[in-house]
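# Structural description and commentary
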Amino acid sequence: MPRILMTGAAGGIGTTLRKLLPPIYPDLLLSDLTAPADLGRGEKFKAADLADAAQVEAICEGVDGILHFGGYSVEGPWDQILQSNIIGGYNLFEAARKKGVKRVVFASSNHAGGFYPRHHRIGTDVTARPDSRYGVSQVVGEAAGAPYADKNGVGVDCNRSGDFGG
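Residues numbered from 1 in each chain as written. Predicted model: local features only at pLDDT ≥ 70, side-chain atom pairs only at ≥ 80, totals over all residues. Heavy atoms only, no water.

Quick look at the layout of surface pockets now. Reported here for the largest pocket is a volume of approximately 800 Å³. Contributions of two or more residues to the lining of the largest pocket are made by α1 (12-20), β2 (27-32), α3 (78-99), β5 (103-109) and α4 (133-150). When the residues that make up the lining of the largest pocket are grouped by side-chain class, the tally is 13 nonpolar, 22 polar and 3 charged. Here the second largest pocket is characterised by a volume of approximately 320 Å³. Along the wall of the second largest pocket there are 14 residues; nearest its centre are N110, G113, G114, Y116 and R118. Of the residues assigned to the lining of the second largest pocket, the class counts are 3 nonpolar, 6 polar and 5 charged. (1 Å grid on protein atoms, 1.4 Å probe; cavity = no way out; pocket = protein on both sides within 12 Å on 5 of 7 lines; lining within 4 Å. Points joined across faces, edges and corners; volume = space filled by probe spheres on them. Helix = DSSP H or I, 4+ residues; strand = E, 2+ residues; numbered from the N terminus. Nonpolar A, V, L, I, M, F, W, Y, C, P; charged D, E, K, R; others polar.)

Structure below.
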């Protein structure tokens with residue numbers, strides 16, 4: 001995929017991947033609410049608020065694939081999680097559909113199934129058991145991607161990560 005958009009470019013995962021992805025995706029477009037403090041000269045950046053559908057559509061223009069690491073990544077106030085993760089996730093999938101994006105990789109979280117006991121081995125087909133408002137938003141994000149994959153042909157990959165870099 002020639003042109004990749006990465007949301008959450010100023011966050012922990014985004015900051016790490018920004019340094020690793022350019023050899024694989026030389027036409028990498030970065031986005032977040034504000035530019036990363038260490039943005040390099042050759043890096044392309046467009047600010048966008050995921051809760052603003054028009055801004056999300058603008059950053060998806062001409063994009064082949066999306067690595068979605070944007071949003072509110074920890075437990076917090078419901079309204080902030082709602083705006084960033086749930087409305088923002090919907091806006092991203094809808095913009096991907098409208099702009100003909102071929103694939104979205106949605107970075108979900110182990111918090112989507114966080115109430116399973118640690119000793120309990122779980123598979124990919126278990127019932128969601130979110131452990132927080134943040135976990136709920138990740139379950140909603142995963143579910144929101146399904147109709148875009150099933151009805152609209154957008155490739156959607158949801159990956160539940162654990163502790164990143166910790």
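Structure shown, so let's carry the discussion forward.
Moving on, we get to the packing of aromatic side chains. Note on aromatic pairs: each is described by the distance of the centres and the angle between the planes. Tallying each qualifying case throughout the model produces 2 aromatic pairs. Measuring from ring centre to ring centre gives 5.8 Å for F93 and Y148, while their planes differ by 15 degrees; the resulting arrangement is stacked. Taken together, the residues F93 in helix α3 and Y148 in helix α4 connect sequence positions 55 residues apart. Here F93 and Y148 have matching classes, each one buried. Three or more aromatic residues link up through ring pairs in this structure, and these residues are F93, F106 and Y148. (Phe/Tyr/Trp six-rings, centres within 6.5 Å; stacked < 30°, edge-to-face > 60°. Buried < 20%, exposed > 50% of the residue type's maximum accessible area, 1.4 Å probe, protein only.)

A pair of packed helices can be characterised by two numbers: the angle between their axes and the separation between those axes. Where helix α2 (residues 53-60) meets α3, the axes come as close as 9 Å, and the angle between the chain directions of the two elements is 45 degrees. With respect to each other, α2 and α3 are oriented oblique. Like other packed secondary-structure pairs, α2 and α3 cross with a definite hand, here right-handed. Where α2 abuts α3, its residues A53, V56, E57 and C60 lie against N91, L92, A95, K98 and K99. Considered class by class, the residues forming the contact of α2 with α3 number 5 nonpolar, 1 polar and 3 charged. (Axes fitted to C-alpha atoms, helices over the stretch in contact; angles between N-to-C directions. Parallel < 35°, antiparallel > 145°, perpendicular 65-115°, else oblique. Left-handed = near helix turned anticlockwise from the far one by under 90°. Contact = heavy atoms within 4.5 Å.)

So, on to the sheet that holds strand β1 (residues 3-7). If you trace the 6 strands from one edge of the open sheet to the other, you get β3-β2-β1-β4-β5-β6, paired in parallel fashion. Whereas interior strands pair on both sides, the edge strands pair on one side only; in this sheet they are β3 (44-47) and β6 (155-161). Adjacent strand axes in the sheet meet at a mean angle of 20 degrees when their direction is disregarded. Here β1 pairs with β2 via 5 bridges, running parallel. By the bridge assignment for β2, T7 is matched with S31. Packing of α3 onto the sheet brings it into contact with β1, β4 (65-68), β5 and β6, and relative to β5 it is tilted by some 170 degrees. Across the sheet, α4 touches β5 and β6, and the angle it forms with β5 is around 160 degrees. (Pairing = 2+ DSSP bridges.)

To continue, consider α3. Over its 22 residues, α3 extends 30 Å from the first C-alpha to the last, a length consistent with the 32 Å expected when each residue adds 1.5 Å. Along α3, the sharpest change in direction is near 35 degrees and occurs at G88. For α3, the elements touching its buried residues are β1, α2, β4, β5, α4 and β6. Two residues or fewer past α3, G100 is found with a positive phi of approximately 75 degrees. (Expected span 1.5 Å × (residues − 1). Bend = angle between axes of the 7 residues up to and from the residue.)

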